[in-house]
Amino acid sequence: IAPISVLVSKYLSHTVMEYPVKIIAIILGISLMYFFMKKILKVIKKNYVVELDKCNIRIYENGYEIILGELELCEIVSASDALVRVDMNVDNKKISFRCRPEKYKTITGNLSFNPFGSSSPSDMKCLLDLGRTIQTNMKKREENTFED
């Protein structure tokens, strides 16, 4: 009886020789999907700049001001290794920021590619810090403990 590795290698070599065009097409298809997914993420990904003065906020999206006003609500909906989400209400306008990592660690400790992720760990930390700072400022506003 031959070892399993020999049988598997014989089977794979026979399959590759029998179906070379199909295997090349599959590899090419997977490569193209990965390439297009990266291109789509670059188009979808937006850059935000947030200016915060106590409870007044100004948010820019790709260089254009989209929100200006006083914060009514800030909620950190999710704060984990897989997702950071912060929801804000500013003068009856709602905006939600989400960060998903480009790569994440699996249970085994290996890094794995996240096809829906577009953020670095520092981006996620920055968003979480922003949410916490806003919540702290809102508590100070409620208690009237702002230092001028």
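Note that the structure is a prediction, hence the values are computed from the model and not measured.

Moving on: the overall build of the protein chain. Regarding its fold elements, the protein chain presents 3 helices and 7 strands. The N-to-C order of helical and strand elements in the protein chain reads α-α-β-β-β-β-β-β-β-α. Put simply, the protein chain has 148 residues, and 22% of those count as buried. Contacts in the protein chain between residues far apart in sequence, at least 24 positions, make up 35% of those at least 6 positions apart.

It is worth spelling out the confidence of the model for the protein chain at this point. Confidence in the prediction of the protein chain, expressed as mean pLDDT, is 83, and 85% of residues score 70 or more. Across the protein chain, the secondary-structure element scoring lowest on mean pLDDT is helix α1 (residues 4-18), at 63, and the one scoring highest is strand β4 (residues 84-90), at 93.

The next point concerns the sheet that holds strand β2 (residues 56-61). Across the sheet, which stays open at both edges, the 5 strands sit in the order β1-β2-β3-β4-β5 with antiparallel pairing between neighbours. Among the strands making up the open sheet, the edge pair consists of β1 (48-53) and β5 (93-99). Here the average twist between neighbouring strands, direction ignored, is 40 degrees. Pairing of strand β3 (residues 64-79) with β4 involves 7 bridges; the strand directions are antiparallel. Of the residues in β4, the one forming a bridge with L71 is V90. Across the sheet, helix α3 (residues 121-143) touches β1, β2, β3, β4 and β5, and the angle it forms with β3 is around 100 degrees.

What follows deals with a nonpolar patch on the surface. A contiguous nonpolar patch, built from L28, L32, F35, F36, I40, V43 and I44 and spanning about 730 Å² of accessible area, is present on the exposed surface. Inspection of the secondary structure assignment puts F36 in helix α2 (residues 20-44). The class of F36 is partly exposed, set by a relative accessible area of 48%.

Below, the discussion takes up the pairing of β5. The pairing of β4 with β5 spans 7 bridges and is classified as antiparallel. Paired with V86 across the two strands is F97, which belongs to β5. Here β4 folds back onto β5 in antiparallel fashion, the turn holding 2 residues, of which D91 has a positive phi close to 45 degrees.

I57, L71, M88 and I134 are the most contacted members of the largest nonpolar core, which totals 19 residues. Of all the elements in the fold, those that place two or more residues in this core are β2, β3, β4, β5 and α3. When residues of this core are assigned to their parent elements, the largest contribution, 6 residues, is made by α3. Not counting chain neighbours up to four residues away, the residues in contact with L71 comprise L52, C55, I57, M88, N89, V90, I134, M138 and R141.

The rules behind these values
- Residues numbered from 1 in each chain as written.
- Predicted model: local features only at pLDDT ≥ 70, side-chain atom pairs only at ≥ 80, totals over all residues.
- Heavy atoms only, no water.
- Helix = DSSP H or I, 4+ residues; strand = E, 2+ residues; numbered from the N terminus.
- Buried < 20%, exposed > 50% of the residue type's maximum accessible area, 1.4 Å probe, protein only.
- Contact = heavy atoms within 4.5 Å.
- pLDDT = per-residue confidence, 0-100.
- Pairing = 2+ DSSP bridges.
- Axes fitted to C-alpha atoms, helices over the stretch in contact; angles between N-to-C directions.
- Patch = residues over 30% accessible without salt bridge, like charges linked within 9 Å, V, L, I, M, F, W, Y side chains within 5 Å.
- Areas by Shrake-Rupley, 256 points an atom, 1.4 Å probe, with all protein chains shown as cover.
- Salt bridge = Lys/Arg side-chain N within 4 Å of Asp/Glu carboxyl O.
- Core = buried A, V, L, I, M, F, W, Y, C linked by side-chain atoms within 4.5 Å.

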